[in-house]
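# Coordinates in review
What follows is each chain in one-letter form.
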Amino acid sequence: MMAPLAITAMATANPLGLGLAATWHALRAERQVLQPNDFEDAGINTWIGRVADLDHERITGELADFDCRNNRLALLGLRQDGFEQAVAAARARYGPDRIGVLIGTTTSGILETELAYRRRTPAGGFLPPAVRYRHTQNLFSVSDVVRRQLRLTGPVASISTACSSSAKVFASASRWLAAGLCDAVVVGGVDSLCFMTLYGFASLGLLSDRPCRPCDVNRDGLSIGEAAGFMLLERKGPDDGALRLLGYGESSDAHHMSTPHPEGRGAALAMARALDRAELKPIDIDYINLHGTGTPANDLAEDCAIRQIFGVNTPCSSTKERTGHTLGAAGITEAMVSLLCLRQDFIPGMVRIERPDPQLQSHMVLRSEFRPLRAVVSNSFGFGGSNCSLIFGKRP
Amino acid sequence: MMQIWIIGIGIAGPGLDGWAAARPILAGENEYRLTPLAPAVPHLLSAAERRRCSQSGRLAMAAAQDALLGGNIQGDAIATVFASSDGDGAITQEICESLAGAARDVSPTSFHNSVYNAPAGYWSIATRSQLSSTSVCAYDASFAAGLLEAATYATVEQAPVMLVASDLPFPPPLHDIRPVAESFAVAILMAPENRPGALMRCEIGLAPHQRVTAFPDAIPAGLRSNPAARSLPLLAVLARRCDDSVRLDYTDETDLVVHCRPQGT
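Below is a short write-up of the structure. (Residues numbered from 1 in each chain as written. Chains lettered and ligands numbered in written order. Predicted model: local features only at pLDDT ≥ 70, side-chain atom pairs only at ≥ 80, totals over all residues. Heavy atoms only, no water.)

Further remarks concern the overall build of chain B. The helix and strand tally for chain B stands at 10 helices and nine strands. In terms of overall size, chain B behaves like a compact globule, its C-alpha atoms giving a radius of gyration of 18 Å where 265 residues would be expected to give roughly 18 Å. Sequence separation of at least 24 residues holds for 73% of the intrachain contacts in chain B that already meet a minimum separation of 6. Summed over its atoms, the accessible surface of chain B is roughly 9,600 Å², and 50% of this surface lies on carbon and sulfur atoms. Charge separation in chain B, taken as the distance between the mean sites of 18 positive and 26 negative side-chain charges, equals 5 Å. (Helix = DSSP H or I, 4+ residues; strand = E, 2+ residues; numbered from the N terminus. Rg over C-alpha atoms; globule rule 2.2 N^0.38 Å. Contact = heavy atoms within 4.5 Å. Areas by Shrake-Rupley, 256 points an atom, 1.4 Å probe, with all protein chains shown as cover. Lys, Arg positive; Asp, Glu negative; His and termini not counted. Charge placed at Lys NZ, Arg CZ, Asp CG, Glu CD.)

As structure tokens, this is what we get:
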């Protein structure tokens, strides 16, 4: 079991919009924001989720060394929703050394290195300007730029477990708080469009050439998106708002590097462990935000895992049809969507489904509906068989 | 301070091939000789997975296998933390090279091996462990961040955990932007309570930055350039089996401090 943690601030920059209000309105209005791929000169016939205005961002001043698409997205995300002000208040309360930073990412600033490969000498060396490896490509750079921007000096790490990365940050942050390493943790996830993920997922045949349709009988792959998201996690206090992290569950598939276990063995374990830690029963969960990528194998395995733990009555939907799959930012983005749902007592339907897959037996929600929500599960699964389920709730 | 017991150590590096051979070298009882590290064979993997397994996966597994030898515990009963600064440079090089070419044909196997947690994925497949695995990065301080993560896991979850930290040199031209000269991996298997065969009790915590513990004198500069080899000051204390404290660089402001006390014989 774990003591529920308070989520005292949130910020997001994702394809639905900048900030929580824009995200909520786009979610509610069922706005289609995925667009035909126009990323640089990546000639892949697929759809992507872009963060508006990112192309105009630059990092200047004392953090200029960190300037790259991924870190620009991170700082754009930090500026939303009064997040920096909330962290400044926490910094004054606890001290900068008592606030940790844990950010999930899968590709960090690799785009800088990808572009540098196009500027090589005939002998194969890089042409100037040199790649600022530490500040761009290295996975730590995003955590480093976030802690510097927020002026925090507590423990810090990047977590990179593929598409579960920014769900796993909640588990590690919970442990840091339980062990007394710090009094608050900025958790987050940042991943941005790059050639490696577009061409890599294409090589595996996992990209749809239409906007992705998780749980549709004709689903044929994912749409890649980009996003940054952050939350401030603290122990419960007298004036800490209503939103809670109630539990987390982590597991490994121990099956295959890029294919989920067909019966969702690891996914089921993650959900069961999250329920155990939250001391909740399956009946206490009112909505499951699916990992739901829109690949045939993922959605089938996840459905199987949900049936093992919850049966077939718990409402489920994937919001990747709205945002695209934001990879290392998917965990935090869908945690944020789950918390918006809790706050608004709302379940987003899978409005892109043309024909539901009859093989999927869980309660797939097709039309959005308002209904009271007490606790929700958010699932994130990744390559390497890395699974993480989170449970969020409201103050009782 | 968090308290953990070290129940197994594994190591794979040039001149330090396996804990049994490396311990007396790091303790100063035997002379260090810089000899190339033999290619690691991940013998716990099936033949098919072994063919797919990346260099970074093989290196990490070499140390992890070595740490299991002394632990009297099966791999499927151990959660893991993998730490690396740089991931797999050979795969980054291969993929970036193809992306810069006309065809841009990325190999599917290389792409799935490109994820940072690929060594963790192979290890879980090899050991059939369905327990938690977390992969962390903190640039040059990745070992310290991993040790903190693993100790926190053991303490809070009250369960055994293995930290595996590894890094390898980048091929050219990436080598120019990240000059690491030698491969190195270390695995530290720890438990939240004393057990028969425990080697060391360690108290681990954060402290304001001061002068950190130096490398053992015998360690050559090429090896010191490897981020995972920043574990060697701690490994030297573990090798000497003495009461001692180690300070490791973590952030600009903070060190990771480890107080060690020998256990058993």
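Continuing now.
Residue and element names in this part refer to chain A. Summarising burial for strand 17 (residues 386-394): eight of the nine residues are buried, a large majority. Where strand 10 (residues 243-252) meets strand 17, nine bridges bridge the pair, whose relative direction is antiparallel. Paired with L245 across the bridge in strand 17 is F392. Sheet topology note: the strand 16 (residues 375-382)/strand 17 ladder contains eight bridges and is antiparallel. Residue pairing in the sheet places A375 in a bridge with G393 of strand 17. (Buried < 20%, exposed > 50% of the residue type's maximum accessible area, 1.4 Å probe, protein only. Pairing = 2+ DSSP bridges.)

With that out of the way, let us pick up the packing of aromatic side chains. Residue and element names in this part refer to chain A. This structure, assessed with the given rule, holds 13 aromatic pairs over all chains. Ring geometry for F83 versus F230: centroids 6.0 Å apart, planes at 35 degrees, classification tilted. Remark: F230 occurs in strand 9 (residues 227-235) and F83 occurs in helix 3 (residues 83-94); sequence separation between them is 147 residues. Using a relative accessible area of 1% as the deciding quantity, one classes F230 as buried. Considering the side-chain rings of F195 and Y199, the 6.5 Å spacing of their centres and the 25 degrees angle between planes classify their relative orientation as stacked. Here the residue F195 and the residue Y199 both occupy positions in helix 7 (residues 195-203), the gap between them amounting to four residues, near one helical turn. Taken as a pair, F195 and Y199 share a single burial class, namely buried. In textbook terms, an aromatic cluster arises when at least three aromatic residues are bridged by ring pairs, as seen for W24, F346 and F370. Sitting over the ring of F195, R118 keeps its end group 4.7 Å from the ring centre. (Phe/Tyr/Trp six-rings, centres within 6.5 Å; stacked < 30°, edge-to-face > 60°. Lys NZ or Arg CZ within 6 Å of the ring centre and 35° of its normal.)

This part is about the environment of A:A184. All names here are of chain A. Within the secondary structure layout, A184 lies in strand 7 (residues 184-191). Take A184: its relative accessible area is 0%, and that puts it in the buried class. The contacts of A184, once residues within four sequence positions are left out, are Y94, R98, I99, G100, L177, L232, L233 and E234.

What follows is about the interface of chain B and chain A. Accessible area lost upon the coming together of the parts serves often as the stated size of an interface. Contact with chain B, which involves 57 residues of that partner, is made by 63 residues of chain A. With both chains or domains summed, chain B and chain A bury close to 5,000 Å², and 62% of this area falls on carbon and sulfur atoms. For chain B, the biggest contributors to the area lost against chain A are B:R104, B:F111 and B:Q130; these three give 15% of the whole. Our count for the chain B to chain A interface comes out at six salt bridges. As a salt-bridge pair, B:E157 and A:R277 come within 2.7 Å of each other at their nearest N and O atoms. There are 25 residue pairs in polar contact (both at pLDDT 80 or more) connecting chain B and chain A. Within the residue set of the side of chain B that touches chain A, elements represented by two or more residues are helix 4 (89-100), helix 5 (108-113), helix 6 (118-127), strand 4 (133-137), helix 7 (142-157) and helix 8 (174-177) of chain B. By residue class, the composition of the side of chain B that touches chain A is 28 nonpolar, 19 polar and 10 charged. (Buried area = accessible area lost by both parts, 1.4 Å probe. Salt bridge = Lys/Arg side-chain N within 4 Å of Asp/Glu carboxyl O. Polar contact = N/O pair within 3.5 Å; in protein donor to acceptor, adjacent residues only side chain to side chain. Nonpolar A, V, L, I, M, F, W, Y, C, P; charged D, E, K, R; others polar.)

Another aspect to go through is the packing of helix 6 (residues 165-178) of chain A against helix 7 of chain B. Where helix 6 of chain A meets helix 7 of chain B, the axes come as close as 9 Å, and the angle between the chain directions of the two elements is 70 degrees. Taken together, the axes of helix 6 of chain A and helix 7 of chain B are roughly perpendicular relative to one another. Taking contact as the criterion, the partners of A:S172, A:R175, A:W176 and A:A178 in helix 6 of chain A are, on helix 7 of chain B, B:E149, B:T152, B:Y153, B:V156 and B:E157. (Axes fitted to C-alpha atoms, helices over the stretch in contact; angles between N-to-C directions. Parallel < 35°, antiparallel > 145°, perpendicular 65-115°, else oblique.)

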